[in-house]
Structures are given as C-alpha cells and as structure tokens.
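Here's the letter readout for the chains.
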Amino acid sequence: MTTLQALEIPFYVGTNHAPGKLNGILRSSLDTETGKFTPPVPVADIKGPSFLALSPDGRFLYAAIEKDGGEVAAFKIQDDRSLLLLNSKPAGGKGTCHVWADKGHVFASNYSGGNVTCLALLPDGSLGEELANIAFTGSGPHPGRQQKPYAHGAVSTSDGKFVYVCDLGTDQVWIFRFDRVSGRMQPADPPSGKVPPGGGPRHPALSPRGEFLYVNNEMGMSVSAFERNPETGALRLLQTIPTLPEGASHEGASTSGLVMHPTGKWLYVSNRGHNSISVYGVQSDGTLKFLQNTPSVVDMPREFLIDPSGTWLVAGGQKDGAIASMKIHAAEGTLTPADRIETGAVPVSFSFLP
C-alpha cells in the first residue's frame, strides 16, 4: 500500500500597515489535506504591501505599496521561500491599490490618482521604466464616492492583446489594446463597458478561455457578467446579480475580493460588513447562478485566494487580523470552514506559489 502524503503549499500574505501589528509581507503554508495553516512569519519588511501578484513563471512577487506617493515593489522568491527585495518604482499615481503581473510587464492601478500605469519588467524580475500612464476622466451618480475616477484593478488577457481596468468612480471598465513589445496601451473601440449606475466596479476576473469578464461592484453589492469580443475587446453586459441574499441589509457593506475558480466553474465574491462570501455557478452562456452565501469566518474580509489545486479558499480579516481556510466541494463549488488562525497583522491579500 502507498500512503499519500499531504502537501503544504506556501503562500504570501500582504498587509496594511498598522501600529503594534506585524507589517510587511508574511509567509504561511496550507495543509492540502486538512486546510490547517502554519503560523505566519514575516519575510519582507516593507510598509503597506496591500496587494500581491505573482509573476506568470512563479519566480517573482510584486506588491502594490498603498500610500500617498504610490509604489510597486519587486521581490525574487528564494529557494527557501524567503523574499529578496530587487527594487521599487513609483507607480505613477497616488494610492496604489492593485497590481497585475503580465509577461514582461506590471500594471498598477492608482485609486486616488484615477489612473493606470504599465511598468516594464527586466530579465532579472526587477521593475524597469514606466511605459504607459493613462488617466481616466468622468464621474458617477454617487455624490460622495464618484466625483472623479478611481482606478481599482486591472487584468490582461492571456494573449496579451487587451487590458481591462475597473474604474469605481465612473462605473466604467476601460478597455485597452496592448502591445507586449512596446508596452503601449491604446483605447479600444468602444473604449469601455459599463456596469449599472452607482455600482462602483472594483476588480475584474476573466474566465479561463477569456470569453467572459466578471466585475464585482463595490457599492452596488453585485457582480456584473460581460461577454467579451476576442477581436475588438468589446464588452457586452449580460447580467448583474446581487451578492447578498434577498432581504439582507446593505448598510456598512461593500464587496471586495473577486476570484474565478481555476476550472472556470465557479466565481467567488467577498462581502465586507456583511462578513460573507458568495458563490456562483458559471453557466455555459457566461451568466451566473447564485449557489451560496456563507459566513467568511473572519471580520471584514477584504481579499481572498484559491489554492492552485482549486480545493481550498483562504480569506483574510482586515478587522480581526485572522486568516481562515474553507474547503471547496468538488461537485458543487460550495464552501465549508476548516481552519482559522490569528496573524498578529492586518491581512488583506494573498499569493500562492504554484
């Protein structure tokens, strides 16, 4: 008989800076059999690495440094899973809240600046020069939060031809043609897709084959599904579906994380304030079917991530400093809580090693 050994998959935790708390990037591991964590340990002493992105080859880690100036930091992942800081570069805008790593490029979304930038990646994984910097224009109907653009998240297509950027302030998902050789970003025709007024699009996620794009609406407590034209990049709105059960209070609630399951079968959204995670089945026409809304186990879940096997979901509590694992049921994609551990930090994002 052969005994199957459980694997421990390492992952990194991005944090908000807070006095008296662990700061920088932490590392923990997830037991793939039980969902239990190893105690998180600091591996990079850097202030405010609020969003993390792994390079496509899994050798480098990039962090959005969320501060007034806005920066992106590049790290080499050492053999022992420690992080070596390579360099950091200005993100070209204020309040950098999201970073996306493409082949040879990094896209930084600057919330306060209302712009997105493209930075070159050098062969050693470090950050090079700024290749594009695009500022958005417009506003939305919400008087307090949509008086101007607020870039909140970007994603590039696997073929590198298009980049999509969520703008919470204008309810637009901006569409750009992208040239991987020059790093140039040109507005597509049409230049954007739009969510319902006052929705506040936060993060985009592509289906595995790229035929659909999904966006969680931070203020609208909903998810919008778009059909994507692979030739023009154009987006056609298919559906906008609530993230909370019927009758649930929206007071103090906002959506945060959005993650597509590696199989493309399910989509997951975290709800801050309501402290829950909603699960949707992805249907053949790209529309979503509500499957579950379950407690997040952590207080104020900002971001979360699914492990490479698609078996576990890990969420972080921005308010209580805990991280929790949930088992993803292979047949229906629904969640069951497994483990919860205190980090001594303010965990807000995750990045699994492949």
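Refer to the preceding data block for the structure.
All of the points below concern the structure found in this document. Each chain carries its own residue numbering, running from 1 in the written order of its sequence. At least 70 in pLDDT is required for a residue's local features to be given in this predicted model, at least 80 for side-chain atom pairs to be given and counted, and no such filter applies to totals for whole chains, interfaces and linings, which use all residues. Side-chain numbers here rest on the full set of heavy atoms in the structure, without hydrogens or water.

**Some remarks on the environment of glycine 252**
Link 1 in the chain: By the criteria applied, helices consist of DSSP H or I runs no shorter than four residues and strands consist of E runs no shorter than two, each listed in order from the N terminus. With respect to the element layout, glycine 252 can be found in the loop between strand E19 (235–242) and strand E20 (254–260).
Link 2 in the chain: Taking the C-alpha atoms as reference points, glycine 252 and asparagine 217, 35 residues apart in sequence, are found 14 Å from one another.
Link 3 in the chain: Contacts: residue pairs with any heavy atoms within 4.5 Å of one another. Not counting chain neighbours up to four residues away, the residues in contact with glycine 252 comprise Arg272 and Gly273.

**What to know about the packing of aromatic side chains**
Link 1 in the chain: The aromatic pairing rule takes the rings of Phe, Tyr and Trp, using the six-membered ring of Trp, and pairs them if the centres are within 6.5 Å, calling planes under 30 degrees apart stacked, those over 60 edge-to-face and the rest tilted. A complete count under the given rule lists eight aromatic pairs for this structure.
Link 2 in the chain: Ring centres of phenylalanine 11 and phenylalanine 350 lie 6.1 Å apart, and the angle between their planes is 55°; this geometry places the pair in the tilted category. Taken as a pair, phenylalanine 11 in strand E1 (residues 8–15) and phenylalanine 350 in strand E28 (residues 347–352) lie far apart in primary sequence, 339 residues in all. Each member of the pair, phenylalanine 11 together with phenylalanine 350, is buried. Working definition: with a 1.4 Å probe on protein chains only, accessible area under 20% of the residue-type maximum means buried, over 50% means exposed, and in between means partly exposed.

**A short note on the environment of phenylalanine 107**
Link 1 in the chain: Examined against the element boundaries, phenylalanine 107 turns out to sit in strand E9 (residues 105–110).
Link 2 in the chain: Exposure remark for phenylalanine 107: the relative accessible area of 0% places this residue in the buried category.
Link 3 in the chain: Through-space distance from the C-alpha of phenylalanine 107 to that of alanine 120 is 9.1 Å; in sequence the pair is 13 residues apart.
Link 4 in the chain: What phenylalanine 107 contacts, discounting residues up to four positions off in sequence, is His98, Val99, Trp100, Asp102, Thr117, Cys118, Ala154, Ser156, Val163, Phe178 and Met185.

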